[in-house]
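Structure at a glance
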Amino acid sequence: MNIMSNVENLSPQIIRQVYKEIHDLANEPPEGIKLKINEEDITDIQAFIEGPAGTPYSGGIFKVKLCLGKDFPQAPPKAFFLTKIFHPNVANNGEICVNTLKKDWKSDLGIKHILLTIKCLLIYPNAESALNEEAGKLLLEHYDDYSQRARMMTEIHAISVKSMKGVDLQSSSDGPIAKKHASDKKVSAEKKKLLKDKKRILKRL
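Residues numbered from 1 in each chain as written. Predicted model: local features only at pLDDT ≥ 70, side-chain atom pairs only at ≥ 80, totals over all residues. Heavy atoms only, no water.

**Considerations on helix α3 (residues 133–141)**
Looking at α3, one finds that the buried residues are Ala135, Gly136, Leu138 and Leu139. What you see down the axis of α3 is that its buried residues fit within an arc of 165 degrees, all on one side. For α3, the exposed residues set more than 90 degrees away from the buried face come down to Glu133, Lys137 and Leu140. For α3, the elements touching its buried residues are α4 (143–157). By the N-cap criterion, in which a side-chain oxygen at the helix start approaches the backbone nitrogen of a residue two or three places on, α3 is capped by Asn132, the distance to Glu134 being 3.2 Å. (Buried < 20%, exposed > 50% of the residue type's maximum accessible area, 1.4 Å probe, protein only. Helix = DSSP H or I, 4+ residues; strand = E, 2+ residues; numbered from the N terminus. Arc of directions from axis to C-beta. Contact = heavy atoms within 4.5 Å. Polar contact = N/O pair within 3.5 Å; in protein donor to acceptor, adjacent residues only side chain to side chain.)

Below you can see the structure in the form of structure tokens.
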């Protein structure tokens, strides 16, 4: 996703404020959320959100990206899932529809509030403002089918919690992903076959 940096469009005061908040969040992350800091571009905010227990997203870690526009913090940032996810409030391109990021936005809400709101959306999807109509319809009419589909997408696309244990997310390198690929090589042929079968089922759905 090629979204331009807006560092040069933000005032030094706003940049300092964002920088401080991001570093505070990195040092004391909210439960189930870790930030990946890009020191070269502070408007490129990426975080890993752990799928909450008791949801179809449990066991997966989802990468999200916040894009601060030139009007931030008067205007909310845009938010995207970089990890593929089956969710009523996430469009096919990953864009997230959350009222906090739209009409309920207040300039003093901050980055932490946005990330917590996105995590909350994994627990309480809102079928009323669906960007993915199919997911919204299944959520309302056939919850079991919705849950099964969301769980399958999580298993196929999300980084597993186990493979992320002990990974340093605060470095700006691609450590987590590189380590994931290294651990992927150890995945048994049986598991690969299982994933292939699941992808085949998903195509049929």
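Now that the structure has been shown, the text picks up again.
**Thoughts on the pairing of strand β3 (residues 60–67)**
Counting buried positions along β3 yields eight of eight residues, so the element is predominantly enclosed. Side chains of β3 alternate between two faces, with Gly60, Phe62, Val64 and Leu66 and Ile61, Lys63, Lys65 and Cys67 buried alike. As paired strands, β3 and strand β5 (residues 159–160) are joined by two bridges and run antiparallel to one another. Among the inter-strand pairings, Gly60 is bridged to a residue of β5, identified as Ser160. (Pairing = 2+ DSSP bridges.)

**Looking at the pattern of salt bridges**
In the structure shown here, the tally under the stated rule is five salt bridges. Among the ionic pairs, Asp24 bridges to Lys20, the shortest N-O distance being 2.7 Å. Of the two residues, Asp24 and Lys20 are both situated in helix α1 (residues 12–27); the distance of four residues between them amounts to about one turn of the helix. Asp24 sits in the partly exposed class, given a relative accessible area of 39%. Under the relative-accessibility criterion, Lys20 is labelled exposed at 52%. The partner of Glu134 in a salt bridge is Arg149, with the nearest N and O atoms 2.9 Å apart. Remark: Arg149 occurs in helix α4 and Glu134 occurs in helix α3; sequence separation between them is 15 residues. Taking the relative accessible area as the measure of exposure, Glu134 reaches 40% and is therefore partly exposed. (Salt bridge = Lys/Arg side-chain N within 4 Å of Asp/Glu carboxyl O.)

**What about the confidence of the model for the protein chain?**
Per-residue pLDDT for the protein chain averages 82, and the proportion of residues at 70 or more is 76%. Across residues 170–187, where pLDDT falls below 50, the model places 20 contacts with residues more than four positions away in sequence or in other chains. (pLDDT = per-residue confidence, 0-100.)

**A word on the environment of Ala150**
Tracing the backbone shows Ala150 in helix α4. For the pair Ala150 and Ile85, spaced 65 residues apart in sequence, the C-alpha to C-alpha distance is 7.0 Å. For Ala150, the residues in contact, after removing those within four places along its chain, are Pro56, Tyr57 and Phe86.

**Some words on the packing of α3 against α4**
Running from N to C, α3 and α4 cross one another at 135 degrees; their axes reach a closest spacing of 6 Å. In this view, α3 runs oblique relative to α4, as classed from their interaxial angle. Each of Glu134, Ala135, Leu138, Leu139 and Glu141 in α3 lies in contact with α4, whose residues at this interface are Tyr143, Asp145, Tyr146 and Arg149. In terms of residue class, the contact of α3 with α4 is built from five nonpolar, no polar and four charged. (Axes fitted to C-alpha atoms, helices over the stretch in contact; angles between N-to-C directions. Parallel < 35°, antiparallel > 145°, perpendicular 65-115°, else oblique. Nonpolar A, V, L, I, M, F, W, Y, C, P; charged D, E, K, R; others polar.)

**With respect to α1**
Taking 1.5 Å per residue as the helical rise, α1 with its 16 residues ought to reach 22 Å, and the 22 Å between its terminal C-alpha atoms agrees with that figure. Taken together, the buried positions of α1 are Ile14, Val18, Ile22, Leu25 and Ala26. Buried positions in α1, seen along its axis, are confined to an arc of 100 degrees and lie on one side of it. Summarising the geometry of α1, the exposed residues directed more than 90 degrees from the buried face are Pro12, Gln13, Arg16, Lys20 and Asn27. At its buried positions, α1 is contacted by β1 (33–36), β2 (44–50) and α2 (110–123). (Expected span 1.5 Å × (residues − 1).)

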